[in-house]
Number of protein chains: 4
Amino acid sequence: MARTAGSHGPTTFEAIRQEGLRLIYEHGYEAMSLRQLAAEVGIQVGSLYNHIRNKQDFLFELMRAHHDGLLGAWEEASRAAERDAEDPVARMKAFVAFHIAYHIDRRRDVYVANFELRSLEPGNYAAIVEMRRRYEREVIGIVERGVARGVFAVSDPQAASYGILAMLTGVCTWFHPEGRLGTAEITELYTGMVLKSLAAPG
Amino acid sequence: MARTAGSHGPTTFEAIRQEGLRLIYEHGYEAMSLRQLAAEVGIQVGSLYNHIRNKQDFLFELMRAHHDGLLGAWEEASRAAERDAEDPVARMKAFVAFHIAYHIDRRRDVYVANFELRSLEPGNYAAIVEMRRRYEREVIGIVERGVARGVFAVSDPQAASYGILAMLTGVCTWFHPEGRLGTAEITELYTGMVLKSLAAPG
Amino acid sequence: MARTAGSHGPTTFEAIRQEGLRLIYEHGYEAMSLRQLAAEVGIQVGSLYNHIRNKQDFLFELMRAHHDGLLGAWEEASRAAERDAEDPVARMKAFVAFHIAYHIDRRRDVYVANFELRSLEPGNYAAIVEMRRRYEREVIGIVERGVARGVFAVSDPQAASYGILAMLTGVCTWFHPEGRLGTAEITELYTGMVLKSLAAPG
Amino acid sequence: MARTAGSHGPTTFEAIRQEGLRLIYEHGYEAMSLRQLAAEVGIQVGSLYNHIRNKQDFLFELMRAHHDGLLGAWEEASRAAERDAEDPVARMKAFVAFHIAYHIDRRRDVYVANFELRSLEPGNYAAIVEMRRRYEREVIGIVERGVARGVFAVSDPQAASYGILAMLTGVCTWFHPEGRLGTAEITELYTGMVLKSLAAPG
DNA sequence: AATGAATGAGAATTCATTCAT
DNA sequence: CATGAATGAATTCTCATTCAT
């Protein structure tokens, strides 16, 4: 919603960030025009350039910030459960719970960060993909350790991890706050499915 | 001056379809310009309009055709395995194999059909979503029957199905023809994971 | 209205002429596209060129034909009343009646012929303007003779004639077949006004 | 690169208005391209949109402004001659003088406002026609009062008024500043003709 | 004659970006 | 820090016209 006039300071940037996120989420990066964004924020197009370098850089910043936050949050969550470090099942449980909770709360960021990769210029693309890879490595690591210990049984930990991530992240696509299922129910369901899907027989 | 170069006759549309699919896959619908498309096909921009009604309609046709083909192919595949109709495990196996095979062969169509939904105008959007829903209903139906018969155990067949579909469709994102894993390996891995994830204990 | 298919022969041209006239009348020459015209006639654009040389020439032909008909019809009407040749009042009466009748019956032709002059290329423009001038000369001639004989009194026969012509031709703008006034009433009213407006005192 | 040449500030719109008027007058609304207009003004095409909403709206504004000015000017002129309010002959004299003077000075506006009606979209069309009707009502009112008082004698005041207006407005079509007749002569001639054409016998 | 597919130019409009004020 | 006006390139789409079939 537009602010009446002359919004200023750090607030303005935050408004731009939020409206931008929403617009990209709803229409896509290419389809969002800076005029639209400026109008939403309640300033003139030219004024945007006091807060962003340019459109591409704005997108990159959104994505970088998201992945930064994601990696940081997981690091923290994972350190908090340090004593589980050696138990792949416990770690996977923690990961599923973390991933779903974090993603459901930031559905728009997630959508943008995952589906606007192709709108990034090569340099920016590489940087974001690298961050994403680091996050994926976390899951793959858990699966690999599980396999090594004989508690998990999958022929290809990497492909298995991709599948799990797709399943979990997909929640952002269909989750609805007023829907039948809340975060708790979804987490329980998916935790069960993920663990079963990886489980070694016996 | 009339036609001196470029594509010809009914072939032209097929060329447009293929190049269009590729360009949308690579850059996104909004980012693909008809100039680009025409150039790839080797005709003038204006000539495109002898074959498509407009850009939006072109996208819609691509997506409609994809879902049409998908539904038809599954119907056929599912009819071919008629004697499994009563066995949810067998049916799910068949579905996973079908879905992966069909999708891996049409990665670009799939990508476009799934990720350009937001580029559709409301009417077209509704039509495509409805087709997608019909396909999803197939999986949900299998899961529900499995649960009813006690061979599957999940608290919410619909959410479980969404997860499975996300996992399977996600293959399109990372599959590479020259990659480590072929269709057979992926199918085996994911069939196992899916069936285990649904399985009732015991 | 479109004819079903393959309309042919001299009929086709007549259909083009009529639909063209209507479209130009309603939307203007520039605003009428040949695609529209072809669709209205029920043929493809390309086929138009079997009947017209090009768009500009088509307009010119419409206008030339109209003025041709107009001059011919007046010549005939004026010859029919040969014995009035010497009486300016009688001649003007005849002219008003003729002009209104002829124009009301061909409102669209008139509109096009008068208001699309600026759409003509220089050469065509000159030709049409010349035809129009010949027609105007007829009125001016009547007024001049009337002034010479003392039955009319206006300071400038040419300007007076332009005024009379504007008044009479203007009928095409507001006349409606189902309107309050019919051709007879209008003719009577305007004949009276024209003769009074020119009349010498006494 | 930002502004390096061309027009500036609030002056720019006035330049657009004038060049636009001229171009529409000379070539017609449909035939005038915004490229042309921008070139005449000395700015880029895109810059036009800092001053107009779109082409159609620009035309509408021109016409609205004209009719606004016309109605306002007549109101004032008619108020100035208040003591004549009761004398239809004096009022008609005043009207003819006003109409000719105002129109001769604004030939282009008049032409555009009267002959581009068909280029207006329905809503805009209705608005302009309504303004025109208000102006016409003024003349019709004078004629009606004259008839009521027995100084004018015409069978249909409305049709008579349309005729008078066509005659007077037609001046814009043939008037030339360097021509044989000046505003004064034309006004005298047409005032005489109009009053005679309406006059009751005796 | 009619068709359908082509051309190349041009239409209105929108875009990201710049910059003097 | 915001504005308003500018740029120049790009957008989708339409146009009159041509011509092999």
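The rules behind the values
- Residues numbered from 1 in each chain as written.
- Chains lettered and ligands numbered in written order.
- Predicted model: local features only at pLDDT ≥ 70, side-chain atom pairs only at ≥ 80, totals over all residues.
- Heavy atoms only, no water.
- Helix = DSSP H or I, 4+ residues; strand = E, 2+ residues; numbered from the N terminus.
- Buried < 20%, exposed > 50% of the residue type's maximum accessible area, 1.4 Å probe, protein only.
- Contact = heavy atoms within 4.5 Å.
- Areas by Shrake-Rupley, 256 points an atom, 1.4 Å probe, with all protein chains shown as cover.
- Lys, Arg positive; Asp, Glu negative; His and termini not counted.
- Charge placed at Lys NZ, Arg CZ, Asp CG, Glu CD.
- Buried area = accessible area lost by both parts, 1.4 Å probe.
- Salt bridge = Lys/Arg side-chain N within 4 Å of Asp/Glu carboxyl O.
- Polar contact = N/O pair within 3.5 Å; in protein donor to acceptor, adjacent residues only side chain to side chain.
- Expected span 1.5 Å × (residues − 1).
- Domains from an automatic or database assignment.
- Axes fitted to C-alpha atoms, helices over the stretch in contact; angles between N-to-C directions.
- Parallel < 35°, antiparallel > 145°, perpendicular 65-115°, else oblique.
- Left-handed = near helix turned anticlockwise from the far one by under 90°.
- Nonpolar A, V, L, I, M, F, W, Y, C, P; charged D, E, K, R; others polar.
- Least-squares fit on C-alpha atoms with pLDDT ≥ 70 in both.
- Disulfide = S-S within 2.5 Å.

J.: Explain the overall build of chain A to me, please; I cannot follow it from the model alone.
T.: Each helix and strand in chain A was counted, giving ten helices and zero strands. In sequence order, the secondary structure elements of chain A are arranged as α-α-α-α-α-α-α-α-α-α. Its C-alpha atoms give chain A principal-axis dimensions of roughly 65 × 40 × 30 Å. Across the 202 residues in chain A, those meeting the buried criterion constitute 49%. The long-range share in chain A, meaning contacts at least 24 apart out of those at least 6 apart in sequence, stands at 72%. Here chain A displays about 9,700 Å² of accessible surface, and carbon together with sulfur accounts for 50% of that area. Between the averaged position of the 23 positive side-chain charges in chain A and that of its 26 negative side-chain charges there is a distance of 1 Å.

J.: Would you take a moment to explain the interface of chain A and chain B for this structure?
T.: Accessible area lost upon the coming together of the parts is a frequently used measure of interface size. Listed by partner, the interface residues are 34 residues for chain A and 33 residues for chain B. Interface area for chain A against chain B, summed over the two sides, is near 2,700 Å², with a carbon-plus-sulfur share of 58%. Considering only the surface of chain A that becomes buried against chain B, R118, M193 and K196 of chain A emerge as the three largest contributors, covering 24% of it. Applying the counting criterion to the chain A and chain B interface returns four salt bridges. Here D156 of chain A ties to R180 of chain B by a salt bridge, and the two come within 2.1 Å at their closest N and O atoms. Remark: the boundary between chain A and chain B carries 14 residue pairs in polar contact (both at pLDDT 80 or more). Among the secondary structure elements, those contributing two or more residues to the side of chain A that touches chain B are helix 1 (9-27), helix 6 (107-115), helix 8 (157-169) and helix 10 (183-198) of chain A. Among the elements that take part in the side of chain A that touches chain B, helix 8 of chain A stands out by supplying eight residues, more than any other.

J.: What exactly am I supposed to notice about helix 8 of chain A here?
T.: Helical geometry: 3.6 residues make up each α-helical turn, so side chains three or four residues apart lie on a common side. Residue and element names in this part refer to chain A. Look at helix 8: 18 Å from first C-alpha to last across 13 residues, which is about the 18 Å you get at 1.5 Å a residue. For helix 8, the buried fraction is high: eleven of the 13 residues fall into the buried class. All buried positions along helix 8 are accounted for by P157, A159, A160, S161, Y162, G163, I164, L165, M167, L168 and T169.

J.: Even after reading the chapter, I still don't get the domain arrangement of chain A, so can you show me in this structure?
T.: All names here are of chain A. The assigned domain composition of chain A is domain 1 (1-52) and domain 2 (54-198). Domain 1 and domain 2 are separated by 29 Å when their C-alpha centres are compared. Every contact between the two is made by 16 residues of domain 1 and, on the other side, 13 residues of domain 2. Between domain 1 and domain 2 the total buried area reaches about 1,500 Å² when both faces are included, carbon and sulfur atoms providing 72% of it. Along the contact surface separating domain 1 from domain 2 lie zero salt bridges. Taken together, domain 1 and domain 2 are joined by four residue pairs in polar contact (both at pLDDT 80 or more).

J.: Whenever I open this one, the pattern of salt bridges confuses me. Can you help?
T.: Scanning the model with the defined rule gives 48 salt bridges over all chains in all. Because the salt bridges share partners, they merge into one network encompassing E19, R22, E26 and E40 of chain A.

J.: I tried to follow the packing of helix 8 (residues 157-169) of chain D against helix 10 (residues 183-198) of chain D on my own but got confused; where do I start?
T.: Between two packed helices, the angle of one axis relative to the other and the distance separating the axes together describe the packing. Residues and elements named next belong to chain D. Two elements in contact, helix 8 and helix 10, have axes separated by 11 Å at closest approach and are oriented at 165°. Classified by the angle between their axes, helix 8 and helix 10 sit roughly antiparallel to one another. By crossing handedness, the relation of helix 8 to helix 10 is classed as right-handed. Contacts between helix 8 and helix 10 pair A160, I164, M167 and L168 from the former with Y190, M193, V194 and L198 from the latter. Partitioning the contact of helix 8 with helix 10 into residue classes produces eight nonpolar, no polar and no charged.

J.: I keep staring at the relation of the copies chain A and chain B and nothing clicks. Help me out?
T.: Here two copies of a chain appear, and what relates them is a rotation about an axis with a shift along it. With an RMSD of 0.1 Å, the operation that places chain A on chain B is a rotation of 180° combined with a shift of 0.1 Å along the axis. Accordingly, the operation relating the two chain copies is best matched by a two-fold axis. Closest approach to the rotation axis among the C-alpha atoms of chain A is made by S197 of chain A, whose C-alpha sits 2.1 Å away. Taken as a fraction of all interface residues of chain A, those also at the interface in chain B reach 97%, which identifies the copy contact as same-surface.

J.: When you look at the relation of the copies chain D and chain C in this model, what are you seeing that I'm missing?
T.: Under the fitted operation, chain D is carried onto chain C by 0.0 Å of movement along the axis and a turn of 180°, and the coordinates agree to an RMSD of 0.1 Å. Comparing interface residues between copies, 100% of those in chain D also sit at the interface in chain C, which points to an isologous, same-surface contact.

J.: Honestly, the arrangement of the chains in this entry has me stumped. Any pointers?
T.: Considering only C-alpha positions, the minimal separation of the non-contacting chain A and chain C is 31 Å. In this view chain A stays clear of chain D, with the nearest C-alpha atoms of the two still 12 Å from each other.

J.: Looking at this model, I keep getting lost on the interface of chain D and chain C. Mind explaining?
T.: Listed as interface residues are 33 residues of chain D and, on the opposing side, 33 residues of chain C. Summing both sides of the interface, chain D and chain C together bury roughly 2,700 Å²; the carbon and sulfur share of this comes to 58%. For chain D, the biggest contributors to the area lost against chain C are R118, M193 and K196 of chain D; these three give 23% of the whole. Remark: the boundary between chain D and chain C carries four salt bridges. Between E116 of chain D and R118 of chain C there is a salt bridge; the shortest N-O distance is 3.0 Å. Seen at the junction of chain D and chain C, the total is 14 residue pairs in polar contact (both at pLDDT 80 or more). Counting residues per element, the ones that place at least two in the side of chain D that touches chain C are helix 1 (9-27), helix 6 (107-115), helix 8 and helix 10 of chain D. Here the side of chain D that touches chain C takes eight residues from helix 8 of chain D, the largest share from any one element. A breakdown of the residues in the side of chain D that touches chain C according to their chemical character gives 20 nonpolar, six polar and seven charged.

J.: Sorry, what's going on with the state of the cysteines here?
T.: A disulfide bridge is the covalent bond that connects two cysteines by way of their sulfur atoms. If you walk through the whole model with that rule in mind, you get zero disulfides over all chains. Cysteine C172 of chain A shares no disulfide, and the gap to the nearest cysteine sulfur, in C172 of chain B, comes to 19 Å. Take C172 of chain A: its relative accessible area is 5%, and that puts it in the buried class.

J.: How should I be thinking about helix 5 (residues 88-105) of chain A in this particular structure?
T.: All names here are of chain A. The end-to-end C-alpha separation of helix 5 is 25 Å, in line with the 26 Å expected for 18 residues at 1.5 Å each. Here the buried face of helix 5 lies against helix 4 (55-80), helix 6, helix 7 (122-149), helix 8, helix 9 (171-174) and helix 10. The N-cap of helix 5, judged by a side-chain oxygen 3.0 Å from the amide nitrogen of V89 a few residues on, is D87.

J.: Sorry if this is basic, but what is going on with the environment of T191 of chain A here?
T.: Residue and element names in this part refer to chain A. The topology assignment puts T191 in helix 10. Accessibility expressed as a relative area gives 11% for T191, which makes it buried. Along the primary structure T191 and K93 are separated by 98 residues, whereas in three dimensions their C-alpha atoms are 6.2 Å apart. Among residues more than four places away in sequence, those in contact with T191 are K93 and V96. Of note is the side chain of T191, whose polar atom sits 2.5 Å from the backbone oxygen of T187.

J.: Any chance you could explain the side chain of S197 of chain D here in plain terms?
T.: Residue position: S197 of chain D is located in helix 10. With sequence-adjacent residues up to four places away left out, S197 of chain D is seen in contact with M193, K196 and S197 of chain C together with V154 of chain D.

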